[in-house]
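# Chains, contacts and geometry: an overview
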Amino acid sequence: MTSNRPVPDQSDPALDADAFTTFERAGWERQAPTYDDVIGRVTSRLVGPLLDAAGVQPGSRILDLATGPGYAAAAAAGLGAAVVGVDAAPAMVELARRLHPTVEFRVAQAEALPFEDDAFDAVVGNFVVSHLSRPERAVSELVRVLHGGGRVALTTWDQADRMRLLGVFLDAFAEVGATPPPDIPAGPAFFQFADDEKFASLLAGCGLSGVEVTTVAFDHRVESGAQLWQGMLGGTVRTSAFFLGQPQQTREKIRVAFDGLVLDYRRGEWYEVPISVKLASGVKSG
C-alpha cells in the first residue's frame, strides 16, 4: 500500500510555520537520547556521500546544519576541516558536544544563522529539509553564509514506497484508517523534495548553480521488527507523535498491522529494510 497515507505527507495551506517549528524543536529535544538506536544508524550512512558532494577537504570551513548527534561534523573534522555544527534542539547540541568534544557545536535556528556572510567554504545538512517550515528561507541562509564558489549539499528521504524504513509505518497507519491527532500542527509535505525537480528547484531558486540530484539506495539491517518499531518511535518526530496521539485501541491495531507488514523484509534471523535517499548539491556563484 503506497497511497492515501495520513502522515507525515499531509500539509495545510494555512500552515502555522512558527507552531510547526516549535513542535519540531520540542520533538528533537525528546528524541535526542534514542535517535541513534535505529534512525541515526541509517542517517549516518549518508555522511560520506554528503561530504563528498560538498567537496569537503582539509582546511575547509564547514557548517553542518541540523547536526543532531554530530555525525557529519565529526566526519568533516576527521578529514581536517574546520567545522561548526548547529542544531535547533539544545539536547542534540549537548549530545554532540559530549560525543565529539573537539568539535564546535552551537544552538542555532536554520532561518537565522549567527554567522557572517561568506563565512564557510561548504555547508551540509543531513535530512533537514523535510523538517523545515520555511525551507526556502533556510536554504537562502545557507547560501548567505557560504563563500563564493562553495558548495551546499543536502539529503532528504525518498518516497515511502522506496524508503521502507518509514513506509512500513505509514502503511500500517493507512491500513487501520488512523487520522492525524488534532494537537499536531500542520506541517509542510514531508516527501515534497523526494521529487528530483522540486529538490533541484529549491537549491536553484536560492541562488545555487550546477545543481545535481542523485539517489542513494541501500538495505539496512535490523535485528527484529521490534527493534525497528522502537527505533522509529524513538527517532522520529511527526511519525511518533502521530502514533502516540491515537486512542489506545487504534495504537494496538497499528502495531498488529506493522508486525504483519514488516515480515516482508525478514531475511532469516535478520530484517533487511530498503532505504532510498535523495542527495542534492549546488555551487554558489562568485
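Scope of this entry: the structure provided in the associated data block. Quick caveat: nothing in here was measured; it's all calculated off a predicted structure.

### Structural notes on the side chain of Arg-164
Structurally, the position occupied by Arg-164 is in helix 7 (residues 164-176). Polar contacts involving the side chain of Arg-164 include one to the side chain of Tyr-265, which spans 2.8 Å.

### As for the packing of helix 9 (residues 225-235) against helix 11 (residues 248-261)
Relative to each other, helix 9 and helix 11 sit at 130 degrees, their axes nearing to 10 Å. It follows that helix 9 is oblique to helix 11 by the angle criterion. Both helix 9 and helix 11 take part in a crossing whose hand is right-handed. Each of Gly-225, Ala-226, Leu-228 and Trp-229 in helix 9 lies in contact with helix 11, whose residues at this interface are Ile-254, Arg-255 and Phe-258.

### Observations concerning the pattern of salt bridges
Following the criterion strictly, the structure yields 15 salt bridges and no others. The salt bridge involving Arg-41 is made with Asp-36; its shortest N-O contact spans 3.9 Å. What makes Asp-36 partly exposed here is its relative accessible area of 33%. One network of salt bridges, with partners in common, ties together Asp-18, Glu-111, Arg-134 and Arg-137.

### Looking at the nonpolar core
In this structure, Trp-157, Leu-165, Phe-173, Phe-191, Leu-228, Phe-258 and Ile-275 are the most contacted members of the largest nonpolar core, which totals 69 residues. Top contributing element to this core by residue count: helix 7, with 7 residues. Ala-110, Val-139, Leu-154 and Cys-206 belong to the second-largest nonpolar core, a separate cluster that totals 29 residues.

### Observations concerning the environment of Asp-259
Examined against the element boundaries, Asp-259 turns out to sit in helix 11. Separated by 147 residues in the primary sequence, Asp-259 and Ala-112 place their C-alpha atoms 42 Å from one another.

Reading the values: rules and limits
Counting from 1, residues in each chain are numbered in the order their sequence is written. Local features in this predicted model are restricted to residues whose pLDDT is 70 or higher, and side-chain atom pairs enter the listing and the counts only when it is 80 or higher, whereas totals over whole chains, interfaces and linings include all residues. Hydrogens and water are ignored here; the side-chain numbers use all heavy atoms of the structure. Elements are defined by DSSP. Helices are runs of H or I of four residues or more, strands are runs of E of two residues or more, and each kind is numbered from the N terminus. Between N or O atoms, a polar contact is any pair within 3.5 Å; within protein, one atom must be a potential hydrogen donor and the other a potential acceptor, and residues adjacent in sequence are included only when both atoms are from side chains. For helices, the fitted line uses only the C-alpha atoms of the stretch in contact; every axis is such a line through C-alpha atoms, and the angle between N-to-C directions lies from 0 to 180 degrees. Just so you know how the angles are binned, under 35 degrees is roughly parallel, over 145 roughly antiparallel, 65 to 115 roughly perpendicular, and the rest oblique. Throughout, a crossing is termed right-handed when the near helix is turned clockwise from the far one, and left-handed when it is turned anticlockwise from it by less than a right angle. Two residues qualify as a contact provided that any one of their heavy atoms is within 4.5 Å of a heavy atom in the partner residue. Any Lys or Arg side-chain nitrogen located within 4 Å of an Asp or Glu carboxyl oxygen qualifies as a salt bridge. Partly exposed describes any residue whose relative accessible area lies between the buried limit of under 20% and the exposed limit of over 50%, with all areas from a 1.4 Å probe on protein chains only and scaled to the type maximum. Residues grouped as a nonpolar core are buried Ala, Val, Leu, Ile, Met, Phe, Trp, Tyr and Cys residues, joined through side-chain atoms within 4.5 Å.

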